[in-house]
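Inside the fold
For reference, the chains in residue letters:
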Amino acid sequence: MTQLESKGVAASAKRTLQGSLGVTAIVFMVVAAASPLTVVGGAAPLGILIGNGAGFPTLYAVSAVILLLFAVGLAAMTRHLPRPGAFFTYIGYGLGRPSGLAAAWTAMLTYTTIQISVYGYIGYLLSITVVSLGGPALGWWLYALAVVGLVGILGYRHIDLSSKVLGVLLVAEVGIVLVLVAAVVVNGGPEGLSAAPFEPANVLSGSPGVGLMFAIAAFIGFEATAIFRDEARDPDRTIPRATYGAVIGIGVFYTLASWGLVMAWGPEGVLAAAAEDPGTLMLRTVAIYLGTAGEIIVNVLLLTSMFACVLSFHNVLTRYQHAMSGAGVLPDRLGGVHARHLSPHVSSIVQTATAAVLTVVFAVLNLDPLLQVFTWFAGVATLAIAVLMAATSVAVIVYFRRTRADRRVWNTVIAPALGFAGLAVSAVIIVAYFPVMVGDMDADGAPVFGAVSWALLALVVVFPALGYAQAAWIRRRRPAAYAKLTDTIAAG
């Protein structure tokens, strides 16, 4: 082996990620994960259709308040535990190593399922777009696999490239949505502008639990600001600011955008418009208010928005795997860092393969990419993230009560407690309405917990159980590694 090759191997084996991401770059990364246009054009129509109709926009505001309370405790922990591990680090320090490892596996479930759900949607949208342009009618999964490959290439390279790509796409998709809302306001809509989406009767109509699931799902990814700590510039200031900025920005934008979508069809007409085809509601709305040119632009940006979403979640997942590898929880090889790109390249390859395999499995099972792949697995991810955040809120309170490292009552007790209450209630509501979301019905058409509901809900139990079992095994077989488990994961 030459000296140059030796240096390359040594550099590749390094486990420390590096970078100089600022507040704006990190906000772009996590808001791109929230995928504004995907939410407005994909999730919002489903929230309206199988959720609570015209009252759906209010649930974005409710979710933002709950998650902002959660973010207060999260920001406090980032200052006192300067490690990039996020959920499993904070839960590990607050509630113990086994709970931390259970959180790590639950986080893996969350980001894997939300990522694969969007792969289903982007595959569906690409297939109908190609057909509309006169192309062949190919299976959605072929397009999804092509996107998986492209994401894998970018994820393999330095994260600065990903942040630049995400930044450009994010500005474009936010811009076109704001233009659409402005056009609806100028036009006035078929029933006039009103505050009907915020009226209690509309908010509580239909299946608000399903609507809440879609609303909370729209925020998944904002908490990943802490994951990028090692690659942030001045992380003690950057990470808290990016976290607050992401929650507030996402909440305001989604509430405004979904209100505009309801006004575009009218509170009385939006449900029927969504029922016609939720997957094309956004495109039909744009065609009416911005014309054919606007429809083409939005169609392109909707595709790039979904691409930005899966790229961002890919980056988060690879860093979770990288950190877990450092603790011996996942194979050691996943901890490698590329000599030139300074990326967790092996972890990226593994995550790309995982997404490809799941896509093929869903294709073999002949699942509908929109109403099954997207809806089902977004539901699993949302429930899992609500449970994770609720546990993190408890961990914040316990950690600061025990260490007295921060005596600010609002930041370490009141806000986390309120956040926990909101998240716990949200999780219960999501579970109660889960059969409605997955379409589990009895012979009379009434929702019932059937095989699909139980199988999907079981994932949120099995993955943390795996973490507890693994922690017990490490404690018994490798006591020295167990003693340093939380620190090792966080330093990964």
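Here the focus is the overall build of the protein. Within the protein one finds 20 helices and zero strands. Within the protein, counting contacts between residues at least 6 apart in sequence, those at least 24 apart form 81% of the total.

Turning our eyes to something else, we now look at the nonpolar core. Ranked by internal contacts, the top residues of the largest apolar core, which has 149 residues, are Y60, F87, Y111, Y119, F222 and M282. In terms of residue count, the dominant contributor to this core is helix α13 (residues 281-326) (21 residues).

Another point: helix α5 (residues 87-95). Counting buried positions over the nine residues of α5 gives seven, a clear majority of the element. Every buried residue of α5 is accounted for by F87, F88, T89, Y90, I91, G92 and G94. Positioned one or two residues after α5, G96 has a phi angle of 105 degrees, which is positive.

The next thing to look at is the side chain of H314. Checked against the element boundaries, H314 lands in helix α13. For H314, a relative accessible area of 1% gives the class buried. Contacts of H314, omitting those with residues within four sequence positions, involve Q115, V151, G152, G155, S348, Q351 and T352.

Right, let's get into the environment of I48. Structurally, I48 can be placed in helix α3 (residues 36-52). Residues I48 and P278, 230 residues apart in the sequence, show an inter-C-alpha distance of 8.9 Å. In contact with I48, not counting residues within four places along its chain, are G53, F56, L261, V262, V270, L271 and A274.

Turning to the environment of M324, a few remarks are in order. On the secondary structure map, M324 appears in helix α13. Along the chain, M324 and F88 lie 236 residues apart, while their C-alpha atoms are 9.5 Å from each other.

Positive phi, normally seen in glycine, also occurs at N366, with a value near 60 degrees. Turning to its location among the elements, N366 is positioned in the loop between α14 (345-364) and α15 (369-403). Phi is positive for R404, which is not a glycine, with a value near 55 degrees. Its location among the elements puts R404 in the loop between α15 and α16 (409-432).

Under the defined criterion, the tally for this structure stands at eleven aromatic pairs. Pairwise contacts between aromatic rings join F56, Y60, F219, F253 and Y254 into one cluster.

To continue, consider the pattern of salt bridges. Evaluation of the coordinates by the stated rule reveals two salt bridges. Here D406 ties to R408 by a salt bridge, and the two come within 2.6 Å at their closest N and O atoms.

Relative to the assigned elements, T375 resides in helix α15. Relative accessible area serves as the criterion here: at 2%, T375 is assigned to the buried category. At 3.0 Å, the side chain of T375 and the backbone oxygen of L370 are in polar contact. In this structure, T375 is in contact with L46, I50, M213, F214, L370 and M437, ignoring residues within four places of it in sequence.

What follows deals with the environment of F313. Inspection of the secondary structure puts F313 in helix α13. As a C-alpha pair, F313 and V151 span 162 residues in sequence and 10.0 Å in three-dimensional space.

As a further point, take the packing of α3 against helix α10 (residues 208-217). It is at 7 Å that the axes of α3 and α10 come closest, and there the two elements cross at 165 degrees. Looking at the two axes, α3 sits roughly antiparallel to α10. Our pair here, α3 against α10, has a crossing hand that is right-handed. Contacts between α3 and α10 pair A43, L46, G47, I50, G51 and N52 from the former with P208, V210, G211 and F214 from the latter. Taken together, the residues of the contact of α3 with α10 break down into six nonpolar, four polar and no charged.

Now for helix α18 (residues 451-477). When the terminal C-alpha atoms of α18 are compared, their 37 Å separation across 27 residues agrees well with the 39 Å that a helix rising 1.5 Å per residue should span. Along its length, α18 shows its largest kink, about 30 degrees, at L459. Residues of α18 that are buried include every one of S453, L456, L457, V460, P464, G467, Q470, A471 and I474, and no others.

Here we take up the packing of helix α4 (residues 56-80) against α16. At their nearest, the axes of α4 and α16 sit 7 Å apart, and the two run at 140 degrees to each other. Looking at the two axes, α4 sits oblique to α16. Of the two elements, α4 crosses α16, and the hand of that crossing is left-handed. Within the contact between the two elements, α4 uses I66, L67, L69, F70, V72, G73 and A76 and α16 uses W410, N411, A415, P416, L418, G419, G422, L423 and S426. Of the residues that constitute the contact of α4 with α16, the class distribution is eleven nonpolar, five polar and no charged.

A cluster of nonpolar side chains, contributed by V409, W410, I414 and L418, occupies part of the molecular surface with about 370 Å² of accessible area. As for its placement among the helices and strands, W410 is situated in helix α16. By relative accessible area, W410 is classed as partly exposed at 42%.

Here is what the cut-offs are and how they apply
- Residues numbered from 1 in each chain as written.
- Predicted model: local features only at pLDDT ≥ 70, side-chain atom pairs only at ≥ 80, totals over all residues.
- Heavy atoms only, no water.
- Helix = DSSP H or I, 4+ residues; strand = E, 2+ residues; numbered from the N terminus.
- Contact = heavy atoms within 4.5 Å.
- Core = buried A, V, L, I, M, F, W, Y, C linked by side-chain atoms within 4.5 Å.
- Buried < 20%, exposed > 50% of the residue type's maximum accessible area, 1.4 Å probe, protein only.
- Phe/Tyr/Trp six-rings, centres within 6.5 Å; stacked < 30°, edge-to-face > 60°.
- Salt bridge = Lys/Arg side-chain N within 4 Å of Asp/Glu carboxyl O.
- Polar contact = N/O pair within 3.5 Å; in protein donor to acceptor, adjacent residues only side chain to side chain.
- Axes fitted to C-alpha atoms, helices over the stretch in contact; angles between N-to-C directions.
- Parallel < 35°, antiparallel > 145°, perpendicular 65-115°, else oblique.
- Left-handed = near helix turned anticlockwise from the far one by under 90°.
- Nonpolar A, V, L, I, M, F, W, Y, C, P; charged D, E, K, R; others polar.
- Expected span 1.5 Å × (residues − 1).
- Bend = angle between axes of the 7 residues up to and from the residue.
- Patch = residues over 30% accessible without salt bridge, like charges linked within 9 Å, V, L, I, M, F, W, Y side chains within 5 Å.
- Areas by Shrake-Rupley, 256 points an atom, 1.4 Å probe, with all protein chains shown as cover.

As far as function goes, none of this settles anything; it's purely spatial.
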